[in-house]
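Examining the three-dimensional arrangement
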There are 2 protein chains.
Amino acid sequence: MEIDKSLVSGSMGLLVLKLLEDGDKYGYQMIDELKRRSDDTFHLKAGSLYPLLHGLEEKGYVTAYEREAAAGKPRRYYHLTKEGGAALRRKEERWNTYARAVGRVLKGGACFG
Amino acid sequence: MEIDKSLVSGSMGLLVLKLLEDGDKYGYQMIDELKRRSDDTFHLKAGSLYPLLHGLEEKGYVTAYEREAAAGKPRRYYHLTKEGGAALRRKEERWNTYARAVGRVLKGGACFG
DNA sequence: TTGACATATATAGATTATCGATATATTATA
DNA sequence: TATAATATATCGATAATCTATATATGTCAA
């Protein structure tokens, strides 16, 4: 099923930080991993990810360094900072609050019992 | 807790259609009901709701009619159409898919077992 | 050696959702 | 009269994401 892009809005920062909790990763890898870990639900585009990563770097949530790859272009790895970890925990809490609230509105429909 | 406004993005259409499943409602009423049903999580603003309602009307998801109130300005009630109901079911399905996928990414962290 | 394709990073411009600010009109209350 | 609550409405700003495009490298087939 196609995911309404407007529905996805706002949580990519959370998901990207979450991926980096497991260890440093480069951009292209994050796109693949997000797709895999979401059972093919999220198809984050490069044009969305790289500006997002630069923003996280500016905020001090991640740091970046280059490493040569066995083949092809060198890869730019991103590392989650202490501040990034704290931001991640805040975002997770907010997501949970939000998702619970949507759930309540969707369940709490007509009073059939 | 303040809800990150970017997190809320995209799902207001779903929530508003859901509210109308119970019966016709006017704008101001929807703002109150959404706040109540979400345990004070959603504070939808008038400046967000009215353009949203006009959009839903244009798409044929709702129809509107005016009724005098006991006091104050006449109220504009919105009614969910058959097409609106179908759109609601699609949006609910998409929300569930999306929320499950986020849940998988957030839970499926490091491989600790 | 040429072209197509996968990997990898990057930016510009467009689209869209939501908000804040503002405007309006009506009624009750101080 | 003025202020607040109710109620609808529009405008401009902000932010997240996408599409399209650009770049650079390496592999593989024709």
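See the structure above.
Below, the structure is looked at part by part. Note that this is a predicted model, so its numbers are computed, not measured. (Residues numbered from 1 in each chain as written. Chains lettered and ligands numbered in written order. Predicted model: local features only at pLDDT ≥ 70, side-chain atom pairs only at ≥ 80, totals over all residues. Heavy atoms only, no water.)

What follows is about the nonpolar core. Residues Leu15(A), Phe42(A), Trp95(A), Leu15(B), Phe42(B) and Trp95(B) are the most contacted members of the largest nonpolar core, which totals 55 residues. Considering each element in turn, this core owes the most residues, 9 residues, to helix H5 (residues 82-107) of chain A. (Core = buried A, V, L, I, M, F, W, Y, C linked by side-chain atoms within 4.5 Å. Buried < 20%, exposed > 50% of the residue type's maximum accessible area, 1.4 Å probe, protein only. Helix = DSSP H or I, 4+ residues; strand = E, 2+ residues; numbered from the N terminus.)

Here we take up the packing of helix H3 (residues 27-37) of chain B against helix H4 (residues 46-58) of chain B. Residue and element names in this part refer to chain B. Interhelical geometry of H3 versus H4 gives an angle of 120° and a closest axis separation of 10 Å. As far as their axial angle goes, H4 and H3 are oblique. As H3 runs across H4, the sense of the crossing is right-handed. Where H3 abuts H4, its residues Gly27, Tyr28, Met30 and Ile31 lie against Ala46, Leu49, Tyr50 and Leu53. The residue makeup of the contact of H3 with H4, split by class, is 7 nonpolar, 1 polar and no charged. (Axes fitted to C-alpha atoms, helices over the stretch in contact; angles between N-to-C directions. Parallel < 35°, antiparallel > 145°, perpendicular 65-115°, else oblique. Left-handed = near helix turned anticlockwise from the far one by under 90°. Contact = heavy atoms within 4.5 Å. Nonpolar A, V, L, I, M, F, W, Y, C, P; charged D, E, K, R; others polar.)

Residues and elements named next belong to chain B. Its location among the elements puts Glu66 in strand E2 (residues 62-67). Here the alpha-carbon distance between Glu66 and Lys91, two residues 25 residues apart in the chain, equals 27 Å. Excluding its chain neighbours within four sequence positions, the residues that come into contact with Glu66 are Pro74, Arg75 and Arg76.

Residue and element names in this part refer to chain A. Pairing is antiparallel in the open sheet, where 3 strands are placed in the order E1-E3-E2. Looking along the sheet, the strands with just one partner apiece sit at the ends: strand E1 (25-26) and strand E2 (62-67). Judged from the 6 bridges that link them, E2 and strand E3 (residues 75-80) form a sheet pairing that is antiparallel. Within E3, the residue paired with Thr63 across the bridge is His79. Against the sheet, helix H2 (residues 12-21) touches E1, E2 and E3, its axis set at about 90° to E3. (Pairing = 2+ DSSP bridges.)

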